[in-house]
Amino acid sequence: MIEPKAMIELQQLCRSFQIGDQCVHALDHIDLKIEGGEYLSVMGPSGSGKSTLLNMLGLLDMPSDGEYLLNQTATSQLSEEGRATLRREHIGFVFQSYHLIPRLTARENIELPLILAGIAPKQRKPLIDKVITRLALTDRAAHAPNQLSGGQRQRVAIGRAIVMKPQLLLADEPTGNLDSASGREVIELLEELNDEGITLLVVTHDQSIGDRATRELKMIDGRIASDRVTRTAS
Amino acid sequence: MIAQDAVRLIWNSVYHSLGKSLLTALGIGIGIAAVSLLTSLGSGLQLHMLDQFSMFGTRIIAVNPGKDITHGIGGLLSSVRPLSLDDAQALDSLPGVAFVVPVVQGVGAIEYGNRQRNSDILGVGAQMSKAWQFKVSMGRFLPEDSNSHSRPYAVLGYTMKQELFANTNPLGKTIRVGGLRFKVIGVIEKKGQMLGFDMDDIVYIPTDKALQLFNREGLMEIDITFNTATTSAQLAERVKRVLIERHGDEDFSITTQDEMLLTMGNVLNVLTIGVAALGSISLFVGAVGIATIMTTTVRERSAEIGLLRAVGASQRQVLGLFLGEAVLISLLGGVIGLTLLAAIAAALSLFIPALPLALHPFFLILALLASAVIGLLAGVIPAYHASRLNPIDALRAE
Amino acid sequence: MRTADLIAFNLKLIERQRLRSAMLLAAIAISVMAINLLTGIGEGGKQFVLGEFNLLGKNVLIMLPGKKETTGGIPPLTGEATRDLTLRDAEAIARLGNVSAVAPLIAGKMEISHGTLSREAFTIGSNRAFFDIRQLEQAHGKALPKLPFEQSQAVCVIGSKLRKELFGTKPALGQWLRAGDSRFRVIGILKDKGEGLGFDMNEAIIVPVANAQALFNQAGLFRVFIELRSLDGFQKTQQRILALLKERHEGEEDVTIITQDSLLSAFENILNTLTLAVAGIAGISMLVAGILIMNVSLIAVSQRTREIGLLKALGCPARTVALIFLSEASIMALSGALLGILISELLLYVARGLYPTIPFTTPFWAQAGSALIATITALLFAAIPAQKAANMTPVDALLDKKAGQA
């Protein structure tokens, strides 16, 4: 049996910042492998490097040292253009504060990655329709973000994240601005997507959400303090 | 990203803060309007001046006494070696010459009965009306007489005729010009002003009589018109040769009309460019305006820039979107400017119809193009800043 | 709010928005600079031109033969008229009470030679009085001798450039020049007065008027300069001269008198209009800067909505809120204007270095005016945004809906 190659592999990855005359190691020699379809949660106190890890995995940040292999491709040598292309095609982001563009409708917000990828309007339409139906946003599609509830906004943001059919979905405190009912809805939606095969990584403070993942990472001071598989994927 | 989508995104953000965009565009618009208006005025003036100068036709060469006329007064001063009527006569037979007009100008009293008027007296040859294309509205022009024994005939300009004869028929009447008696044989049609010189308040008499009247030896100028058989340079060369042969020396100067028009055209061009440059100061301030507003826009929308980068926009795409925004605002300014221009031009032509205003469609397109370029230049720095924003910091900015 | 606190508050804000403030400052500075620079150049040009034409004193009249009745036309500058202005006319004028000096003038171009060198030169026939009236000075030798009008004498005074061209480095004083059939002894060299807009005296030769009459075979004068003893009775003397000429010319008034002032004032009017027009065109940029100020203030008001709410909640009256925005705009305008004036002064200083003959200076009214216009523009254009800020209710401002979402 051939051992499956990891989708994501971090090798001795470091990320340090210079703050004043102090060097802060946000990520300190991290080794990590993530297989396709996994469901991870990342927890840890503020400043432990959770968000930096998420940004690193999302190719928004560059390692100071070490290597990040995405689908066996070393990313540190890529140009900014190349990284943008990878982000567009393989990675979806969900943020705590949604980051919807206020002057675009829900539908247009979801459409944005397709536009940036240069996909023709005719080919875009079925893709968006499918996502909107999937997220039950059909009657909200023409609304501007400020006409939507928090939960709806986050659903639009998720729609935007998955419209390009990425392999990896990165969620940074996706329920942080939501009441518990909407929060549960959102997390269930993310889990459904994971069930359909997408690799899901959720950064959170909330233990109850962290516990839902099949693999739980705990970070302290830029290191992975614990990495345990709570249950095997169903 | 396909162009259509880019335009829609850009339009969307411009339209979203319409007030701000329009105010910014208005700045550029005022600049564009100022520059196009001033340029139009300049080129209108240029056309007007050239028109005035070619009143006597364009195929014309002038000979003045004196070698250099640095102060433009060569012909007016007394010179030792004057240009004579015989000189003029000698030029008449040159190949290509159509007409030769010897000119002497002065002022004096012109009297009829007990009416008197002090004004310009122009001594000219018989060919003047054909050479300068002055039409005779009444009677005929001065006849071809022998050079030194012209009959005492006079032709009146329109104003002169009105002043002396009102609406009665002047033909055949005797007037006194500087004390000498002349018979009126014709009236020239109304010509209007040329560079502040009233072409109608004039009496035309034979050149030899004018020389007598002013007690002058020489002509002030000889005008030569030529037909298509020769060029002005060729003819100027021939005229020069003939006169040097007659005088033994080059003690005269030759000005060709196309030379003069060229010089004047150049001067007026420089003037137009200068005035347009003045106007473009406001265009420059407008550009600073775009840069300022774009800078604040980039700052306001940094979270959005971060998001765009996160969902896969490249730096180049972000640069393009913000540059596009600056260009669109500036183009909007161009349209506003042209609208302003049209309004001002309409008002001007209504209230000051005499103002020469040459609106050229080419300039209008140029104005739009210029506004686009201004937007591009003004947008470069803010757009570059936008594209270089660190997406992580940008996303956090809120 | 105390003024000092207000200014400190504003300065902190300006400092926080460094780039935007710098650009706004630049916009105002450019406009103010353009106005000052162009007014300065215009004034310099005007002073230069007027200076050139102002060679004659205020008490000098210029008489030309001939007269025209066409209104608004050019005076009969060609000097050709049916009746000559004669030396006897000039003599008669010289005998009038208020007339202190009369300089008759005949001018022409003539081939002047010395040995093998020859040159066509601007030849003036006049008298001693001409030197005083035109304020000509000699670098070497002396001026024309005082002679009765009709007496000739074979002497001449030449310009410095003509001297160089005919004599090179050799001495010229006492040498003989040939002009037409006559010979003239050089008795004086004119001081180099630089290139002028009128006749270039550096290339001229001046001989007694009677000699010039013979040389050009011409009795009629081209011009007569008349210097009056005093400016009192200026008009009356002018009338008396005209009456005298009318009497001498068989009852016909056929001469034209131009006063230096009338010529200059016409010129000055044109040049003033030109300067104003040019400054006005530059002023358009002020309008554009004003629009920019308004735009930036509007943005500032919407960005600082919460701050305004807080100020109001803390008991700051609407008037003070408006004042905060207005004073910020005025501080920007004033410092921009100051910067603009400084830059224009610097540029004019350089210009004066490059062209020392032209007195480039921005008049004080232009500096003060442009600074005032800048401030007024800033206040006018900031008024709407300031009003908008002042009229916000504290609750709405604090709960600024736009700021929270996204």
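Preceding block: the structure.
Not measured: the values here are computed from a predicted model.

J.: Explain the overall build of chain C to me, using residue names and the numbers behind them.
T.: Helix and strand content of chain C: 13 helices and 10 strands. Relative to the 2.2 N^0.38 estimate, which gives 22 Å for 406 residues, the radius of gyration of chain C is 33 Å and therefore markedly larger than a compact globule would have. Once the C-alpha set of chain C is aligned to its principal axes, its extents read approximately 100 × 55 × 35 Å. At a minimum sequence separation of 6, the contacts of chain C that also span at least 24 residues come to 82%.

J.: An account of the interface of chain C and chain B is needed here, citing residue identities and associated values.
T.: Each partner contributes to the interface: chain C provides 54 residues, whereas chain B provides 54 residues. Those elements that provide at least two residues to the side of chain C that touches chain B are α2 (18–53), β2 (99–114) and α8 (260–303) of chain C. Residue composition of the side of chain C that touches chain B, by class: 29 nonpolar, 14 polar and 11 charged.

J.: If you had to explain the packing of helix α2 (residues 18–53) of chain B against helix α11 (residues 361–388) of chain B to someone new, which residues and values would you point to?
T.: All names here are of chain B. Look at α2 against α11: their axes get within 11 Å of each other, and the N-to-C directions meet at 145 degrees. As α2 packs across α11, the resulting crossing turns out to be right-handed. Across the interface between the two elements, I28, I32, S36, T39 and S40 from α2 touch F363, A367, S371 and I374 from α11. Its residues assigned to classes, the contact of α2 with α11 comprises 5 nonpolar, 4 polar and no charged.

J.: Account for the sheet that holds strand β2 (residues 22–34) of chain A, naming residues and giving values.
T.: Residue and element names in this part refer to chain A. Here 4 strands make up an open sheet; going across it, the order is β2-β1-β4-β5 and the pairing antiparallel. Because the sheet does not close on itself, it has two edges, and the strands there are β2 and β5 (73–74). Where strand β1 (residues 8–19) and β2 come together, 9 bridges link them in antiparallel fashion. Residue R15 lies in a different strand from β2, and its bridge partner there is L27.

J.: Tell me about helix α11 (residues 364–390) of chain C, and please be specific about residues and values.
T.: The end-to-end C-alpha separation of α11 of chain C is 37 Å, in line with the 39 Å expected for 27 residues at 1.5 Å each. Helix geometry: α11 of chain C is bent most strongly at A383 of chain C, by close to 40 degrees, with proline P385 of chain C lying one to four residues after it.

J.: Quick rundown of the pairing of β2 of chain C? Include the residues and the values.
T.: Residue and element names in this part refer to chain C. Examined bridge by bridge, β2 and strand β9 (residues 223–228) share 6 bridges and lie antiparallel to one another. Paired with P104 across the bridge in β9 is V224. Summarising the sheet, β2 and strand β3 (residues 117–126) pair through 9 bridges and their orientation is antiparallel. Bridge pairing in β3 places I106 opposite G125. Turn length for the β2-β3 hairpin, with the two strands adjacent in sequence and antiparallel, is 2 residues, and the turn residue G115 shows positive phi of about 60 degrees. With 2 bridges joining them, β2 and strand β6 (residues 176–179) adopt antiparallel strand pairing.

J.: Got a sec to walk through the sheet that holds strand β9 (residues 215–220) of chain A? Specific residues and values, please.
T.: All names here are of chain A. One open sheet holds the 6 strands; their spatial order is β6-β7-β8-β3-β9-β10, and the pairing between them is mixed. Taken across any chain shown, the strands that pair with only one partner, and hence form the sheet edges, are β6 (91–94) and β10 (223–229). Taking each pair of neighbouring strands and ignoring which way they run, the sheet shows an average axis angle of 15 degrees. Here 4 bridges tie β6 to strand β7 (residues 168–172), and the two strands are oriented parallel to one another. In the strand pairing of β7, F93 is matched with L170. On top of the sheet, helix α6 (residues 180–195) reaches β3 (39–43), β7 and β8 (199–203); it is set at about 150 degrees to β8, its chief contact.

J.: With reference to specific residues and values, describe the pairing of β7 of chain A.
T.: All names here are of chain A. Extensive coverage of β7 is indicated by the burial of 5 of its 5 residues. Here β7 shows a buried face lined by L168, L170 and D172 and a second buried face lined by L169 and A171. By the bridge criterion, 5 bridges tie β7 to β8 in an arrangement that is parallel. When the sheet's bridge partners are listed, D172 is paired in β8 with V203.

J.: Before we move on, could you go through the nonpolar core and cite the residues and values that matter?
T.: Most often, soluble globular proteins have nonpolar side chains that are buried together. Core analysis: the biggest nonpolar cluster contains 176 residues, and L169 and L190 of chain A together with A27, I28 and I293 of chain C have the highest contact counts within it. For this core, the leading source of residues is α8 of chain C, giving 18 residues.

J.: Account for the environment of I110 of chain B, with residues named and values stated.
T.: Residue and element names in this part refer to chain B. Tracing the backbone shows I110 in strand β3 (residues 97–112). Along the chain, I110 and I244 lie 134 residues apart, while their C-alpha atoms are 38 Å from each other. What I110 contacts, discounting residues up to four positions off in sequence, is R117, S119, M160, L164, I175, V177 and V203.

J.: Describe the environment of A370 of chain B, listing the residues and the values that go with them.
T.: Along the chain, the position of A370 of chain B falls in helix α11. In the structure, A370 of chain B is positioned 36 residues away from G334 of chain B in sequence and 8.2 Å away in space, judged by C-alpha atoms.

Reading guide: rules and limits
Residues numbered from 1 in each chain as written. Chains lettered and ligands numbered in written order. Predicted model: local features only at pLDDT ≥ 70, side-chain atom pairs only at ≥ 80, totals over all residues. Helix = DSSP H or I, 4+ residues; strand = E, 2+ residues; numbered from the N terminus. Rg over C-alpha atoms; globule rule 2.2 N^0.38 Å. Contact = placed C-beta atoms within 7 Å. Nonpolar A, V, L, I, M, F, W, Y, C, P; charged D, E, K, R; others polar. Axes fitted to C-alpha atoms, helices over the stretch in contact; angles between N-to-C directions. Left-handed = near helix turned anticlockwise from the far one by under 90°. Pairing = 2+ DSSP bridges. Expected span 1.5 Å × (residues − 1). Bend = angle between axes of the 7 residues up to and from the residue. Buried ≥ 20, exposed ≤ 12 C-beta atoms within 10 Å, placed from the backbone. Core = buried A, V, L, I, M, F, W, Y, C linked by C-beta atoms within 7 Å.

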